[in-house]
Amino acid sequence: MKEENATICGLPGWTALTRNETVSFINNVLLAAVNAPCAIFAFLCNLAVIVTVTKSPSLQRPCSILLCSLACTDFLTAVIAQPMFVVWRLILPNAKESCSHQLWIFYTFHNFYAFTVGLSFVIVIIMSFDRHYALSKPLIYNTEASKEGAIKKVAFAGIVLVVNSVLIAFVLPFLIAMIVTIGSGVLMLALPTVNYIRTWFAIRHHNNQIVNAINSQQISALVQREKKAAVDMGIVTFSLFAFVTPNFLNYIIYMQHYLRIHAIVYPWGITLTLITSSINPLIYFIRNKNLRNAFRSTMNM
């Protein structure tokens, strides 16, 4: 059955404000019960990753710096986007009686949510290029790649993301803004996928020049180290893809005007995306023995 959502207080129609107060109350309480502890967990775990990498010179390789950059993004999600999402969902039913703070809280959440998700995708794109370079030209990468270079790449990409967001929101005409938005989304999904496929081929087909430059034992150790980092980054990347995908399905449901269903599942799609900030540090600690050991050393200082 199709129905129309209420659109009040200037909130966009896709914010999923339903007329069934009981369903809305139960849904929002469950959302708060899931998101609140996840935000606390993400805050503590990502802070642990950031402090450990910062205080451990042995971990400050380019690939670790990129993971630390993603941890910083997840930290922002836990500190701002996820708590604001909980606050917004809890006060949203009150929009029927009062519009006080509704728009401010919604746009604060939405802007930080869009920024952190966009930055996460930008970082995983940089990761995918980094891994392809590391495994297609391991000798050159080993001598030329630096943590400063990784930091500069992330900073530049963040600036480009901010400029792109401002252009879409305030400068470009609606149609062009939609084209740019869709194009950016396609690139964010396609580039990491293509790069990891290229990386897989790079692992299987080593350059003869590299093989001749050093003995097989040395090249094997070098490639194995970078390969493990590539696997770790690949898990993080495709975990992000998996948890963001439900939002595209929600958009299809909304466009088909099944608004009752959309009102219930829309906030859960956002929740799955936000939960990646809790899952990522678990992947880091489970997959990286050196990170675990460095964390223990940091805690014992």
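Residues numbered from 1 in each chain as written. Predicted model: local features only at pLDDT ≥ 70, side-chain atom pairs only at ≥ 80, totals over all residues. Heavy atoms only, no water.

Identification of the chain as G-protein coupled receptors family 1 profile domain-containing protein from Porites lobata is taken from an unreviewed UniProt entry.

Chemist: Hey, could you go over the overall build of the chain for me, with residue numbers and the actual values?
Modeler: Secondary structure assignment for the chain yields 10 helices and 0 strands. Counting from the amino terminus, helix and strand elements in the chain follow one another as α-α-α-α-α-α-α-α-α-α. Out of the 301 residues belonging to the chain, those deemed buried represent 43%. Across the chain, every contact between residues at least 6 apart in sequence was considered, and the portion connecting residues at least 24 apart equals 82%. Accessible area of the chain: about 15900 Å², with a carbon and sulfur share of 70%. (Helix = DSSP H or I, 4+ residues; strand = E, 2+ residues; numbered from the N terminus. Buried < 20%, exposed > 50% of the residue type's maximum accessible area, 1.4 Å probe, protein only. Contact = heavy atoms within 4.5 Å. Areas by Shrake-Rupley, 256 points an atom, 1.4 Å probe, with all protein chains shown as cover.)

Chemist: Quick rundown of the pattern of salt bridges? Include the residues and the values.
Modeler: By the definition in use, this model includes 6 salt bridges. Of the charged contacts in the structure, one is a salt bridge between Glu-226 and Arg-61, with a shortest N-O distance of 3.3 Å. Of the two residues, Glu-226 is situated in helix α8 (residues 216-255) and Arg-61 in the loop between α1 (21-55) and α2 (62-91); the sequence distance between them amounts to 165 residues. Residues Arg-287 and Asp-232 are paired through a salt bridge, measuring 2.6 Å at the closest nitrogen-oxygen approach. One end of the pair, Arg-287, is in helix α9 (residues 259-287); the other, Asp-232, is in helix α8, with 55 residues separating them in the sequence. The class of Asp-232 is buried, set by a relative accessible area of 9%. The structure contains a network of salt bridges with shared partners spanning Arg-61, Asp-130, Arg-131, Arg-225 and Glu-226. (Salt bridge = Lys/Arg side-chain N within 4 Å of Asp/Glu carboxyl O.)

Chemist: Please set out the UniProt feature "transmembrane region" (unreviewed entry) in the chain residue by residue, giving values where relevant.
Modeler: Taken from the UniProt record, the annotation "transmembrane region" (unreviewed entry) applies to residues 29-53, 65-91, 111-129, 150-170, 176-197, 229-253 and 265-286. Note that residues 176-197 is 100% helix and 0% strand, and that its end C-alpha atoms are spaced 31 Å apart. Secondary structure content for residues 265-286 is 100% helix and 0% strand, and the end C-alpha separation is 31 Å. (UniProt positions renumbered as here; feature names shortened; annotations may be inferred.)

Chemist: So what's going on with the nonpolar core? Residues and values would help.
Modeler: In terms of nonpolar packing, the biggest core is built from 54 residues, with Trp-88, Phe-121, Met-127 and Tyr-284 touching the most fellow members. Of all the secondary-structure elements, those providing two or more residues to this core are α1, α2, α3 (102-136), α5 (147-171), α6 (174-204), α8, α9 and α10 (289-300). Top element by residues in this core is α3. It accounts for 13 residues. (Core = buried A, V, L, I, M, F, W, Y, C linked by side-chain atoms within 4.5 Å.)

Chemist: An account of the packing of α1 against α9 is needed here, citing residue identities and associated values.
Modeler: At a minimum axis distance of 9 Å, the contact between α1 and α9 shows a crossing angle of 20 degrees. In terms of orientation, α1 and α9 fall into the roughly parallel class. Our pair here, α1 against α9, has a crossing hand that is left-handed. By residue class, the composition of the contact of α1 with α9 is 20 nonpolar, 6 polar and no charged. (Axes fitted to C-alpha atoms, helices over the stretch in contact; angles between N-to-C directions. Parallel < 35°, antiparallel > 145°, perpendicular 65-115°, else oblique. Left-handed = near helix turned anticlockwise from the far one by under 90°. Nonpolar A, V, L, I, M, F, W, Y, C, P; charged D, E, K, R; others polar.)

Chemist: Provide a residue-level description of the environment of Ile-105, including the pertinent values.
Modeler: For Ile-105, the position within the fold is in helix α3. Spatially, the C-alpha atom of Ile-105 lies 9.2 Å from that of Ile-91, the residues being 14 residues apart in sequence. Those residues in contact with Ile-105 that lie beyond four places of it in its chain are Met-84, Val-87, Trp-88 and Ile-91.

Chemist: Lay out the packing of aromatic side chains with the relevant residues and their values.
Modeler: Following the criterion strictly, the structure yields 13 aromatic pairs and no others. An angle of 70 degrees between the planes, with centres 4.9 Å apart, marks the rings of Phe-106 and Tyr-107 as edge-to-face. For Tyr-107, a relative accessible area of 35% translates into the label partly exposed. Consider the rings of Tyr-133 and Tyr-141, whose centres lie 5.6 Å apart with planes at 85 degrees: the pair is edge-to-face. On the accessibility criterion, Tyr-133 (29% relative accessible area) is partly exposed. On the accessibility criterion, Tyr-141 (5% relative accessible area) is buried. (Phe/Tyr/Trp six-rings, centres within 6.5 Å; stacked < 30°, edge-to-face > 60°.)

Chemist: Summarise the side chain of Ser-64; cite the residues concerned and give the values.
Modeler: Within the secondary structure, Ser-64 sits in helix α2. Owing to a relative accessible area of 11%, Ser-64 belongs among the buried residues under this scheme. Polar contacts involving the side chain of Ser-64 include one to the main-chain carbonyl oxygen of Leu-59, which spans 2.9 Å. If we skip the residues at most four places from it in the chain, Ser-64 touches Val-53 and Leu-59. (Polar contact = N/O pair within 3.5 Å; in protein donor to acceptor, adjacent residues only side chain to side chain.)

Chemist: So what about a nonpolar patch on the surface? Which residues, and what values?
Modeler: A surface patch of nonpolar side chains, about 840 Å² in accessible area, is lined by Phe-174, Met-178, Ile-182, Val-186, Leu-249, Tyr-251, Ile-252 and Met-255. Residue position: Met-178 is located in helix α6. Residue classification places Met-178 among the partly exposed positions, given a relative accessible area of 33%. (Patch = residues over 30% accessible without salt bridge, like charges linked within 9 Å, V, L, I, M, F, W, Y side chains within 5 Å.)

Chemist: Just give me the short version of the side chain of Asn-28, but keep the residues and values in it.
Modeler: Inspection of the secondary structure assignment puts Asn-28 in helix α1. Ignoring sequence-local partners within four residues, the contact set of Asn-28 consists of Arg-89, Leu-90 and Pro-93.

Chemist: I'd like a description of α2, backed by residues and values.
Modeler: Spanning 30 residues, α2 covers 43 Å between terminal C-alpha atoms, matching the ideal 44 Å at 1.5 Å per step. Of all the bends in α2, the largest measures some 40 degrees and sits at Thr-77. The buried count for α2 comes to 22 of 30 residues, which makes it a mostly enclosed element. (Expected span 1.5 Å × (residues − 1). Bend = angle between axes of the 7 residues up to and from the residue.)

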